[in-house]
Amino acid sequence: MAGDPRPVCTIIICTLAVSERADSLGRAVASVLGHNDTPTSVLVVVNGDRYDEKLVAELKRRDDVDVLQIAARSLSDAIVAGRRAVKSPYFGFLDDDDEYLPQAVDLRLAELERYPEAGVLVTNGYRCRENSRETVMNHLSLVTEDPLTAIFREPWLASCSALYRTAVAREDLFEKVARYAEWSRPFTPDNARP
């Protein structure tokens, strides 16, 4: 992996690598590499064949980013391919249009190391729109009481909210992820799909 020869954590960014996402993808990568003390590698999984060749070539030239390309234009397949490539003790996911807050990896890792029996740590974040910032999850206290019911109230297990312990979060846990659901999403009449 790129960066530190033995990264403690790998952050997987799945992307179509289209030119419209070049800026946000760059910010996503920078938020991982520029704001954490933990030796962390970035794995960009480019899925499909409609990618921007210039963007992918730029990513491949970087020595602090690894690039894996898969033929299928499928987020689910990209997630599984990324997970299979992980060699570090911890890993997480970040969408190509999301950014980590400063020290996000460091803080999550510290908590996972404090609780060696834990396989995953989920944290909150902010949704930024124009000049406003709001907390994404407002009912996290419900998760410890009843995780399955809580997931229908708000998407507490979004892709960018978790850091996983590699030894516990097996590859098969990420297979057959529902399309467009980011692993969890509250069901409402507005987002119901046949």
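Novice: Please explain the overall build of the protein as it appears in this structure.
Specialist: In terms of helices and strands, the protein carries six helices and eight strands. Listing each helix as α and each strand as β along the protein from the N terminus yields β-α-β-α-β-α-β-α-β-β-β-α-α-β. Looking at the protein residue by residue over its 194 residues, the buried ones come to 41%. In the protein, the proportion of contacts linking residues at least 24 apart, taken out of those at least 6 apart, comes to 71%. Of the roughly 11,300 Å² of accessible surface on the protein, 50% is carried by carbon and sulfur atoms.

Novice: I would appreciate a short explanation of the nonpolar core in the present structure.
Specialist: Ile11, Ile13 and Val44 are the most contacted members of the largest nonpolar core, which has 24 residues in total. Contributing elements (two or more residues each) for this core: strand 1 (9–15), helix 1 (22–33), strand 2 (40–47), helix 2 (53–61) and helix 4 (104–114). Val45, Ala81, Phe93 and Ala169 belong to the second largest nonpolar core, which has 16 residues in total.

Novice: So what exactly am I meant to see when it comes to the environment of Ala158 here?
Specialist: For Ala158, the position within the fold is in the loop between helix 6 (147–153) and strand 8 (162–165). Placed 63 residues apart in sequence, Ala158 and Asp95 show a C-alpha to C-alpha distance of 9.8 Å.

Novice: What should I look at first to understand unusual backbone geometry in this one?
Specialist: Of all residues except glycine, most have a negative phi; of all peptide bonds, most are trans. Phi is positive for Ala17, which is not a glycine, with a value near 55°. In this structure, Ala17 sits in the loop between strand 1 and helix 1.

Novice: I would appreciate a short explanation of the pattern of salt bridges in the present structure.
Specialist: A pair can form between side chains of opposite charge whenever their charged atoms are brought close. Counted according to the given criterion, the structure contains eight salt bridges. Of the charged contacts, one joins Glu171 and Arg84 as a salt bridge, the two residues approaching to 3.5 Å between their closest N and O atoms. Taken as a pair, Glu171 in the segment after strand 8 and Arg84 in helix 3 (residues 75–85) lie far apart in primary sequence, 87 residues in all. In this structure, Arg170 and Asp172 form a salt bridge, with 2.9 Å as the shortest nitrogen-oxygen distance. Counted as one network, the salt bridges with shared partners bring together Arg21, Asp96 and Asp97.

Novice: Explanation requested: helix 1 in the structure shown.
Specialist: The periodicity of an α-helix, 3.6 residues per turn, causes residues three or four places apart in sequence to face the same way. Helix length check: helix 1, at twelve residues, gives a terminal C-alpha distance of 17 Å against a target of 16 Å (1.5 Å per residue), a fit within 8%. Here helix 1 has its buried residues at Ser24, Leu25, Ala28, Val29, Ser31 and Val32. Along the long axis of helix 1, the arc covered by the buried residues comes to 160°, so they all point the same way. On its buried face, helix 1 sits against strand 1, strand 2, helix 2 and strand 3 (65–70).

Novice: What should I look at first to understand the packing of aromatic side chains in this one?
Specialist: Pairs of aromatic rings are described using the distance from one ring centre to the other and the angle between the two planes. Here the structure, examined in full by the defined rule, presents six aromatic pairs. Centroid distance Phe93 to Tyr164: 6.3 Å. Interplanar angle 80°. Geometry classified as edge-to-face. On the criterion of sequence distance, the pair formed by Phe93 in strand 4 (residues 90–93) and Tyr164 in strand 8 is long-range, its members being 71 residues apart. Residue classification places Phe93 among the buried residues on the basis of a relative accessible area of 3%. For the pair Phe93 and Phe174, a centre-to-centre distance of 5.5 Å together with 50° between the ring planes defines the contact as tilted. Of the two residues, Phe93 sits in strand 4 while Phe174 sits in the segment after strand 8, which places them 81 residues apart along the sequence. Across the pair, Phe174 and Phe93 agree in class, each one buried. The rings of Phe91, Phe93, Tyr164 and Phe174 are connected pair by pair, giving a single aromatic cluster.

Definitions and limits used
- Residues numbered from 1 in each chain as written.
- Predicted model: local features only at pLDDT ≥ 70, side-chain atom pairs only at ≥ 80, totals over all residues.
- Heavy atoms only, no water.
- Helix = DSSP H or I, 4+ residues; strand = E, 2+ residues; numbered from the N terminus.
- Buried < 20%, exposed > 50% of the residue type's maximum accessible area, 1.4 Å probe, protein only.
- Contact = heavy atoms within 4.5 Å.
- Areas by Shrake-Rupley, 256 points an atom, 1.4 Å probe, with all protein chains shown as cover.
- Core = buried A, V, L, I, M, F, W, Y, C linked by side-chain atoms within 4.5 Å.
- Salt bridge = Lys/Arg side-chain N within 4 Å of Asp/Glu carboxyl O.
- Expected span 1.5 Å × (residues − 1).
- Arc of directions from axis to C-beta.
- Phe/Tyr/Trp six-rings, centres within 6.5 Å; stacked < 30°, edge-to-face > 60°.

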